[in-house]
Structures are given as C-alpha cells and as structure tokens.
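Descriptive analysis of the structure
So you can see what is in the structure, the chains are spelled out below.
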Amino acid sequence: MALINCTECNREISDKAQTCPGCGAPVVFVSEESTNTPTKATYNRNTDTFSGTKLLIVKLAMKAIQEIGWKLDQANENLGLVTFQTGVTWGSWSGVSCSLNIEEIKEFEFRVTGTGKQNLSGGQLIALNIGNEAQSKARKAIDMMKELGK
Ligand SMILES: [Zn+2]
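Residues numbered from 1 in each chain as written. Predicted model: local features only at pLDDT ≥ 70, side-chain atom pairs only at ≥ 80, totals over all residues. Heavy atoms only, no water.

**Remarks on the overall build of the protein chain**
This is how it is decided: Only DSSP runs of H or I with at least four residues qualify as helices, and only runs of E with at least two residues qualify as strands; both kinds are numbered from the N terminus onward. Exposed residues in this analysis have more than 50% of their type's maximum accessible area, buried residues have under 20%, and partly exposed residues fall in between, with area computed by a 1.4 Å probe over protein chains only. Here the accessible surface of atoms and residues is derived via Shrake-Rupley with a 1.4 Å probe, and residues count as covered only by protein chains that are part of the display.
For the protein chain, the count of helices and strands is 2 helices and 8 strands. Shown N-terminal to C-terminal, the secondary structure of the protein chain runs as helices and strands in the order β-β-β-β-α-β-β-β-β-α. Relative to its full complement of 150 residues, the protein chain shows a buried share of 37%. Entry remark: accessible area of the protein chain is about 9100 Å², with carbon and sulfur atoms responsible for 52%.

**What about the coordination of the zinc ion?**
Selection rule: A 2.8 Å cut-off from the metal defines N, O and S donors, relaxed to 3.2 Å for Na, K and Ca; water is not in the atom list, so some sites may appear incomplete. Four donors are marked tetrahedral only if all angles between them lie between 85 and 135 degrees, whereas four are marked square planar and six octahedral if opposite donors are more than 155 degrees apart and the other angles lie between 65 and 115; the remainder are marked irregular.
Bound to the zinc ion are the protein donor atoms C6 (SG), C9 (SG), C20 (SG) and C23 (SG), situated 2.2 to 2.4 Å from the metal. Bound by 4 donor atoms, the zinc ion shows angles of 102 to 115° at the metal and therefore tetrahedral coordination geometry. With a relative accessible area of 3%, C20 lands in the buried category.

**Observations concerning the sheet that holds strand β4 (residues 49-51)**
Applicable threshold: Two strands qualify as a pair provided DSSP detects at least 2 bridges between them. Note on method: axes are straight lines fitted to C-alpha atoms, helices fitted across the in-contact stretch only, with angles between N-to-C directions ranging 0 to 180 degrees. Contacts between residues were defined by any pair of non-hydrogen atoms, one from each residue, lying within 4.5 Å.
Taken in spatial order, the 6 strands of this open sheet run β3-β4-β8-β7-β6-β5, and their pairing is antiparallel. At either margin of the open sheet sits one strand with a lone partner, and together these are β3 (42-44) and β5 (71-76). Between one strand axis and the next, the sheet turns through 30° on average, direction left out of account. Here helix α1 (residues 54-68) sits on the sheet in contact with β4, β5, β6 (81-85), β7 (96-106) and β8 (109-118), set at roughly 175° to β5.

**Observations concerning the pattern of salt bridges**
Two side chains of opposite charge can pair, provided their charged atoms sit close to one another. Rules: In what follows, salt bridge is the name for a side-chain nitrogen of Lys or Arg lying within 4 Å of a carboxyl oxygen of Asp or Glu.
Applying the stated criterion across every chain yields a total of 5 salt bridges. Ionic pairing is found between D15 and K16, a salt bridge with its closest N-O pair at 3.7 Å. Given the relative accessible area of 18%, D15 is considered buried.

**Describing the environment of S99**
Structurally, S99 is set in strand β7. On the basis of relative accessible area, S99 is assigned to the buried category, the value being 15%. Excluding residues that lie within four positions of it along the chain, S99 makes contacts with L81, V82, T83, T113, G114 and T115.

**What about the nonpolar core?**
Definition in use: We call a set of buried residues a nonpolar core when its members are Ala, Val, Leu, Ile, Met, Phe, Trp, Tyr or Cys and they connect through side-chain atoms within 4.5 Å of each other.
Among the nonpolar cores identified, the biggest contains 24 residues, and I57, L100, V112 and M145 are the most heavily contacted of them. For this core, the leading source of residues is α1, giving 7 residues. Ignoring anything within four residues of it in the chain, the contact list for V112 reads F50, I57, L100, N101, I102, I142 and M145. I4, I13, C20 and A25 belong to the second largest nonpolar core, which has 5 residues in total.

**A word on α1**
What counts is decided by this rule: One less than the residue count of a helix, multiplied by 1.5 Å, gives the span that helix is expected to have.
Taking 1.5 Å of rise per residue, the 15 residues of α1 would be expected to cover 21 Å, and the 21 Å separating its terminal C-alpha atoms lies within 8% of that figure. Where α1 is concerned, the buried positions are L56, I57, V58, L60, A61, A64 and I65.

**Overview of the confidence of the model for the protein chain**
Note the threshold: As a per-residue measure, pLDDT reflects the predictor's confidence and takes values from 0 up to 100.
Across the protein chain, the average pLDDT comes to 84, with 81% of residues at or above 70. Note on residues 123-127: pLDDT is under 50 here. Beyond four places in sequence and across chains, it has 5 contacts.

**A few points about the environment of E12**
Relative to the helices and strands, E12 resides in strand β2 (residues 12-14). Given a relative accessible area of 54%, E12 falls into the exposed group. On a C-alpha basis, the gap between E12 and G22 in space is 9.2 Å, while along the polypeptide they are 10 residues apart.

**Describing the pairing of β8**
Pairing of β4 with β8 involves 2 bridges; the strand directions are antiparallel. Bridge assignment links F50 to a residue of β8, and that residue is F110. Sheet topology note: the β7/β8 ladder contains 10 bridges and is antiparallel. Bridge assignment links E103 to a residue of β8, and that residue is R111. Hairpin connection from β7 to β8: 2 residues lie between these consecutive antiparallel strands, with F108 at a positive phi of about 65°.

Written out as structure tokens, the structure reads:
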C-alpha cells in the first residue's frame, strides 16, 4: 500500500482508497512518483531486503528458481507468493515443495522469506531430516535471488 495525496484537499491517503476520507473526492492515481518506480529488482545487503516493485521481485524469484533448475509451480503477483518444487534428492524420494513469500515492508522495499515442506509419496512413512532439507531449499532459492539482484 502506498500513500498518495488527495488531488482535492492534499491530505495523505491510501492509494487503495476509493474516495478521500477527508473530503470525499474520488481517488485518482496521478502521482509524479511513477517516475521513480524501480525498473529493476536489487538486493540490499545492509537491510536484507529487496528493492523494486512486487512484480519485479516475483520475477526475480521465478528467475532464481529457473536458474537453479527447479520446477516453478505458480507465481502470484498480488499475493507476492512464488511456489516451486525441487526434484528428487538425497534422503528425499519425492522432492520438496517450497514457497517464497514476498512481503512489502515499505514502498518499493520487500522482505522475502521461504518455507518448505516435504512432498510425501505413497509408502513413504519416515524420512530423516526432511524439514531441514525443505527449509534449506527455500534458503537456497533466496540466496540465488540475492545473487541475481546484486
Ligand atoms: Zn481529500
């Protein structure tokens, strides 16, 4: 969510609002900030965040997953959610499913967190260390995003 100024009373309002809560004027998105809209996703080491737009970060996540060679499941720009699956690896018969959550912390700044879970296949009752394996895959994807966003 971004703050814009009402074109009628100049009050700061959410760009998601339909009308200005101050004067009732309809919100028209005419901001000069479109000129500073980032065109590239970059990683900021100091803050451990990514700069860009949500779409750019989603695309960066997709690129990172493809770069590693995993299978992209879905990418949802609105939710900031990118999910993928890895192939069969040691100690894992069916790969892991991971999701990357892209959370907007302020305008054009995002934090990416990952979660992973083991895909259970039929007949697989016990697998060792599966939680850690899935988590490490999510971390690897984020590390690749950092590398690509340098
Ligand atoms: Zn207003």
